[in-house]
Amino acid sequence: MHDAGPVLVFDSGLGGVSVVRAISQQMPRIRLVYVADDAAFPYGDWEDDALRTHIVELMGRLIAQYRPTAVVIACNTASTLVLPALRARYDIPFVGTVPAIKPAAEQTKTGIIAVLATPGTMRRDYTRDLIRKFASLVHVRLVGAPLLAAFAEARMRGEAIDERSLAEQIEPCFVEIEGRRTDMVVLACTHYPFLTDLFDRHAPWPVCFIDPAPAIARRLASVLEGRRVDGGPGTAAFTSGRPVLAPVLQVLRQYRLAVA
Ligand code: DGL
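Computed from a predicted model, the values in this text were never measured in an experiment.

1. Description of the sheet that holds strand β12 (residues 257-259)
Strand order in the open sheet formed by 6 strands is β4-β3-β1-β2-β11-β12, with parallel pairing between adjacent strands. At either end of the open sheet lies a strand with only one pairing partner, and these are β4 (94-95) and β12. In terms of strand pairing, strand β1 (residues 7-11) meets strand β3 (residues 70-73) through 4 bridges, oriented parallel. When the bridges of β3 are listed, Val9 appears paired with Val72.

2. Side note on the environment of Thr121
Structurally, Thr121 is set in helix α5 (residues 119-123). Distance in space between the C-alpha atoms of Thr121 and Ala188 is 7.7 Å, their sequence separation being 67 residues. Residue contacts for Thr121: discarding those within four places in its chain leaves Asn76, Thr77, Thr80, Pro99, Thr127 and Ala188.

3. What about the site of the ligand?
Near the ligand there are 14 residues, and of these Ser12, Tyr43, Thr77, Thr190 and His191 occur at the shortest range. One of the backbone N or O atoms of Tyr43 is found 2.6 Å from an oxygen atom in the ligand. For the ligand, an oxygen atom lies 2.9 Å from a polar atom in the backbone of Gly44. Look at the ligand: alone it shows 300 Å² of surface, and the protein chains cover 99% of it. Its residues assigned to classes, the shell around the ligand comprises 6 nonpolar, 7 polar and 1 charged.

4. Observations regarding the packing of aromatic side chains
Summed over the entire model, instances satisfying the criterion amount to 5 aromatic pairs. Pairing Phe174 with Trp205 gives two aromatic rings, centres 5.4 Å apart and planes at 85°, and the pair type is edge-to-face. Taken together, the positions of Phe174 in the loop between α8 (163-170) and β7 (176-177) and Trp205 in the loop between α9 (196-202) and β10 (208-210) put the pair 31 residues apart, joining distant regions of the chain. With respect to class, Phe174 is no different from Trp205; both count as buried. Aromatic pair Tyr192 and Phe199: ring centres 6.2 Å apart, planes at 80°, arrangement edge-to-face. Through pairs of rings, three or more aromatic residues link up here, namely Phe10, Tyr43 and Trp46.

5. A short note on the UniProt feature "active site" (unreviewed entry) in the protein chain
UniProt annotation of "active site" (unreviewed entry) refers to Cys75 and Cys189 when read in the numbering used here. With the annotated positions falling across 115 residues, the maximum pairwise C-alpha distance of 6.5 Å places them together in a single cluster. Its location among the elements puts Cys75 in the loop between β3 and α3 (76-89). For Cys75, the residues in contact, after removing those within four places along its chain, are Phe10, Asp11, Tyr43, Thr97 and Thr190. Assignment of secondary structure puts Cys189 in the loop between β9 (184-188) and α9. Accessibility expressed as a relative area gives 6% for Cys189, which makes it buried. Once residues lying within four places of it in the same chain are set aside, the contact partners of Cys189 are Asn76, Leu116, Thr118 and Ala149.

Basis of the calculations
- Residues numbered from 1 in each chain as written.
- Predicted model: local features only at pLDDT ≥ 70, side-chain atom pairs only at ≥ 80, totals over all residues.
- Heavy atoms only, no water.
- Pairing = 2+ DSSP bridges.
- Helix = DSSP H or I, 4+ residues; strand = E, 2+ residues; numbered from the N terminus.
- Contact = heavy atoms within 4.5 Å.
- Near = heavy atom within 4 Å.
- Polar contact = N/O pair within 3.5 Å; in protein donor to acceptor, adjacent residues only side chain to side chain.
- Areas by Shrake-Rupley, 256 points an atom, 1.4 Å probe, with all protein chains shown as cover.
- Nonpolar A, V, L, I, M, F, W, Y, C, P; charged D, E, K, R; others polar.
- Phe/Tyr/Trp six-rings, centres within 6.5 Å; stacked < 30°, edge-to-face > 60°.
- Buried < 20%, exposed > 50% of the residue type's maximum accessible area, 1.4 Å probe, protein only.
- UniProt positions renumbered as here; feature names shortened; annotations may be inferred.

If you want it as structure tokens, here you go:
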């Protein structure tokens, strides 16, 4: 067990920064190390076995390098697949990110919710089990959107995105049954909170988009109770080693992450 290390926050790209945002609001003093596995982005397109092996091996190297007190897997596509393997292999607490289906099912007034995810998360048994367990009494539309994570990445690089195709990607979330309409959309990919203003603009009617990041930060806070964590400004690292563009540096700086 490593105590007094940083908290490692991990995603395939920049989406996990939405989780960093919530963590730094709740626990501004803890030191975060953000690792984006951009060499392997997008995880949504990977085969399950290959992705599991890849993440478990990479995590071993990251734990040896950063000696974190805890790890946040700030990625639904990874968490819904590899959490059991990571917990079995490494003696360190892992906080995962899984689709917020339970709160959506509890809060819906119309009884119709949508889960907007990567194709990987959409396919997972884990996601379907959550629906069976927590949303059996509501109508759930599960939507796998192949382009949205890349759109969020492009936006953070300062690039324009094709809003027509963004609108097409979210369109299946909006269901109308006998006068009742979708009222909750679960953002089941950590990249999507960076697109919600565009989702609002292109939604055919107003809905509540559920970002799980504040709940993940609360879960981390309870996991850290009684453990010593480093304080201080955070760092960010990218597995590709490609130069990080100025707009991305600026986004990272907003959350006190400097590129190592
Ligand atoms: N941010 C990731 C998630 O929460 C996935 C993006 C990807 O496909 O790599 O699912």
